[in-house]
Amino acid sequence: MAPVPCAICKTSRALIIRPKNHQKLCKGCFITIFEEEIHHTVTTTKLFSRGDRIAIGASGGKDSTVLASVLKTLNERYNYGLELVLLSIDEGIKGYRDDSLETVKRNAVQYDMPLKIVGYDELYGWTMDQVVEAIGKKGNCTYCGVFRRQALDRGAKMLGIKHVVTGHNADDVAETILMNLLRGDLPRLARSTSIVTGDESSEVRRSKPLKYAYEKEIVLYAHHKKLDYFSTECLYSPEAFRGSARSLIKNLERVRPSAILDVVRSGEDMAKLVPEAVTGISHCKSQKVSLSSADGEEEGAAGCGTNGRSSGGEMADMEKKLQEDEEASSREVEITSKVPNGVNGQRHDRIGAKPESRNGVKREPGKKLTRQTLGTCKTCGYMSSQDICKACMLLEGLNKNRPKMEIEIDVEDEESSTLRRKMEGLALTAA
Amino acid sequence: MAVVDVAPSDEPLQYFCKSKCFSQYVTTKAIKRMETYRVRGSIAKAARKLLFPLSFGPSSASLLYILDQHLQGQYDRMNRAAYELIVVHIDLNLEAADRKQSSELLDQYKSRFPRHTYSSLGLEDALLLDNIDWTALNMPEPLQNDSKNTGMDKLQQLVGSMPSATSKTDVITTLLTRLLVDVAKRNCCESILFADSTTRLAEKTLTETAKGRGFSLPWQVSDGMSPYGIGFNYPLRDLLKKELVIFSSLTIPPLTDLIILQGPSSHISASSKLTTIDDLMAQYFQSVEENYPSIVANVVRTSSKLQPLSGDETAACGLCGLPVAEGTDGIDGWGGDQNSASRASEQQDGKHKVLCYGCSRSING
């Protein structure tokens, strides 16, 4: 069989089938088009301005390593005029970070970039290993995620840098969109799709230049550029909703490669359809800039192998809560319908005693819309939609030597892993 | 309303030892959604016409049974009914033998529920619609008389020209909806009653999201006026698919003989070429429904909260007919396209036809 020529240069032999669209390309053309697409994203979204100092959230993993490599290349090729700095977080997980931090240190030399490592212990007084010791192996992803997000911003602040870029890729974004649909979390659905969070007024902006890049292409790029990265999975527990969404994304990609991008597109469009009452974001603003991202939970940060947040019982917990809600609200309906005159006088947490809620169309249990507005934490001054930011809440609990947030401490070990297996099985059968 | 004290719905039979209670629970949930179609006042008004698409699946069979009883109740009490059903079956089969079977089955429905008007159409009748941009599909305009090919041939040709199994299913679904809207309008119906269960609506939410049609969700899963100028209603939106399957076997006599059960997606085979996104999602929610029924319902509640964009300039998609905000049509020229040349070249040819992202993806692969 004659070798297939590259679809772009038509001369070299095609060695790579592009995961995104199955185009057959040679190595050189693949590397070029991958870089040019990131360049396209950067320029069309006006992500940077000349003279900006940019911190690259670097975990030593493939995504952030590719991001650092590509940004360095583009900065030189197109003279962006950026000052690039590597920023790493040391969660204090023995055996997990040691190797990856070594990778980041080598990257700093290879890319000739300054490196700043910020430790959880210096920021919060707790390493993750200490947190796990205090609260157990379950639910600790919440702590890790909340702490890491703030850590990047705080680290950037220490360096006097106003813009952090992270290695989130298209698969991550698509996964987050499906996950938030499954969890019924519209505010996060709306926020997670924008390429930039925070605006000129916020102390630290965040962006994800790899938002449209397929994970598989990132791996290919790293491989063909022979990048030095460290692949590891976080030692602690995965999370059911994200795990479920992830395998769904993988299956979708198999059936229709464009599906990842199509989900991202859907998410961007849906963000515009989320009622303002839910997000606190005015639709008059550019869709690309969303204000509130301070709670730091909408996405697993790139450094965390599993992107997990709490353990596998999350789906079962939510199921239970939803059922209780439903039961409670159906009882409320029953009462109101028997007391015809009492309807307007009564207050209902769940149903909202508005007249239109009786027309049968709008009457949904749990239709309460929570408004989120951006403020600052009273304790640490960090951006937050709550009075006290999540990190401070968690810290307060930790410092009292017990977790403040109840994150399914009541589920037995065994039960939880059975459930997780079930979820995995469920995902696998859809293959 | 004796059934509101309802136990968790994950194992219905365990809680509803008597099938009668369970059947009443299902009926109540559906009828609650029909509150706008109660008989009101003493002055007789003309019955409102509602289109009822009958697929022969357990959900639509169950809903027809429930509404038939509902109407009987209205006649018994008031000697008149608030609405009448125009039942239509759209045949998706392209084989003559299958079609014969469908028409026999429809006759069984007629004799079991005789008070309604029945009709049957083949999906190829959608090819006669003049509000679809056939050139976008590389099809001749419907008026061009092409006597050599029958409608069925043309449909086969159209579906066969789609680049993937997902695209085929997608275009069939779209044509089906457009045809139903047309039938509803021709019969002066004010609304279409879709028998989609919660499970089906959750599937639809994620399927449309995965096909890049997130923009269209406010019109795909919510009750109310559709952009086609006909109301869309989903009276079974509070019931799980498995509940309806059980219900259909508990009626007296059971509906089982009237139902064609779709195989449990056994054709999700090793070959991803034949698998569709619709299959994937159906299978996914079938399993979520087993262990986490409330999460299925929560997905639907969530997507029902999305609101259509107001005030933007829109144009109807040439295929699905849904409103597309200006500048958001096609699969090119958005952030994820990352190719600065694509949009410009598309607009140069002068005849810029509007297709939504999802339809454009289906046609172009």
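About the thresholds
Residues numbered from 1 in each chain as written. Chains lettered and ligands numbered in written order. Predicted model: local features only at pLDDT ≥ 70, side-chain atom pairs only at ≥ 80, totals over all residues. Heavy atoms only, no water. UniProt positions renumbered as here; feature names shortened; annotations may be inferred. Helix = DSSP H or I, 4+ residues; strand = E, 2+ residues; numbered from the N terminus. Buried < 20%, exposed > 50% of the residue type's maximum accessible area, 1.4 Å probe, protein only. Contact = heavy atoms within 4.5 Å. Pairing = 2+ DSSP bridges. Axes fitted to C-alpha atoms, helices over the stretch in contact; angles between N-to-C directions. Expected span 1.5 Å × (residues − 1). pLDDT = per-residue confidence, 0-100. Phe/Tyr/Trp six-rings, centres within 6.5 Å; stacked < 30°, edge-to-face > 60°. Lys NZ or Arg CZ within 6 Å of the ring centre and 35° of its normal.

For chain B, an unreviewed UniProt entry supplies the name Cytoplasmic tRNA 2-thiolation protein 2 and the organism Hyaloscypha variabilis. Quoted verbatim from the Subcellular location (unreviewed entry) field of UniProt, the annotation for chain B is "Cytoplasm".

The name that an unreviewed UniProt entry assigns to chain A is Cytoplasmic tRNA 2-thiolation protein 1, with the source organism given as Hyaloscypha variabilis. Under the UniProt heading Sequence similarities (unreviewed entry), the note attached to chain A is "Belongs to the TtcA family. CTU1/NCS6/ATPBD3 subfamily." UniProt, in its Subcellular location (unreviewed entry) section for chain A, records the words "Cytoplasm".

Caption draft 1: Spotlight on the overall build of chain A. When helices and strands are counted, chain A shows 15 helices and 11 strands. Expressed as a percentage of the 431 residues in chain A, the buried residues total 58%. For chain A, the share of sequence-separated contacts (at least 6 apart) that also reach a separation of at least 24 residues comes to 72%.

Caption draft 2: Quick peek at the sheet that holds strand S6 (residues 231-233) of chain B. All names here are of chain B. If you walk across this open sheet you meet the 6 strands as S3-S2-S1-S4-S6-S5, and the pairing is mixed. Sheet topology places strand S3 (117-122) and strand S5 (224-225) at the edges, where each strand pairs with a single neighbour. Pairing analysis gives 3 bridges linking strand S4 (residues 191-193) to S6, with the strands arranged parallel. Bridge pairing in S6 places leucine 193 opposite asparagine 233. The strands that helix H3 (residues 58-78) touches are strand S1 (48-53), strand S2 (83-91), S3 and S4; relative to S2, the one it contacts most, it runs at about 160°. Here helix H4 (residues 96-112) sits on the sheet in contact with S2 and S3, set at roughly 170° to S3.

Caption draft 3: Just helix H6 (residues 165-186) of chain B, in detail. End to end, H6(B) covers 32 Å across 22 residues, agreeing with the expected 32 Å (1.5 Å per residue, within 8%). Positive backbone phi, approximately 55°, marks B:Cys188, located one or two places after H6(B).

Caption draft 4: Structural context of the confidence of the model for chain B. Residues and elements named next belong to chain B. Overall, the predicted model of chain B reaches an average pLDDT of 86, with 86% of residues at or above 70. Note on residues 1-8: pLDDT under 50 across the span, and 18 contacts to partners over four residues away in sequence or across chains. For residues 344-350, every residue scores under 50 in pLDDT, and the model assigns this stretch 3 contacts once sequence neighbours within four places are set aside.

Caption draft 5: Representation of helix H2 (residues 19-32) of chain B in the model. Compared with the 20 Å implied by 1.5 Å per residue over 14 residues, the 20 Å span of H2(B) between its first and last C-alpha is a close match. For H2(B), the complete set of buried residues consists of B:Phe22, B:Ser23, B:Tyr25, B:Val26, B:Thr27, B:Lys29 and B:Ala30.

Caption draft 6: Looking closely at the packing of aromatic side chains. Evaluated as defined, the whole model comprises 18 aromatic pairs over all chains. Through a chain of ring-to-ring contacts, the aromatic side chains of B:Phe56, B:Tyr65, B:Tyr109, B:Phe113 and B:Phe247 assemble into a single cluster. When the ring centre of B:Trp334 is taken as origin, the NZ or CZ atom of A:Arg265, which lies over that ring, is 5.4 Å away.

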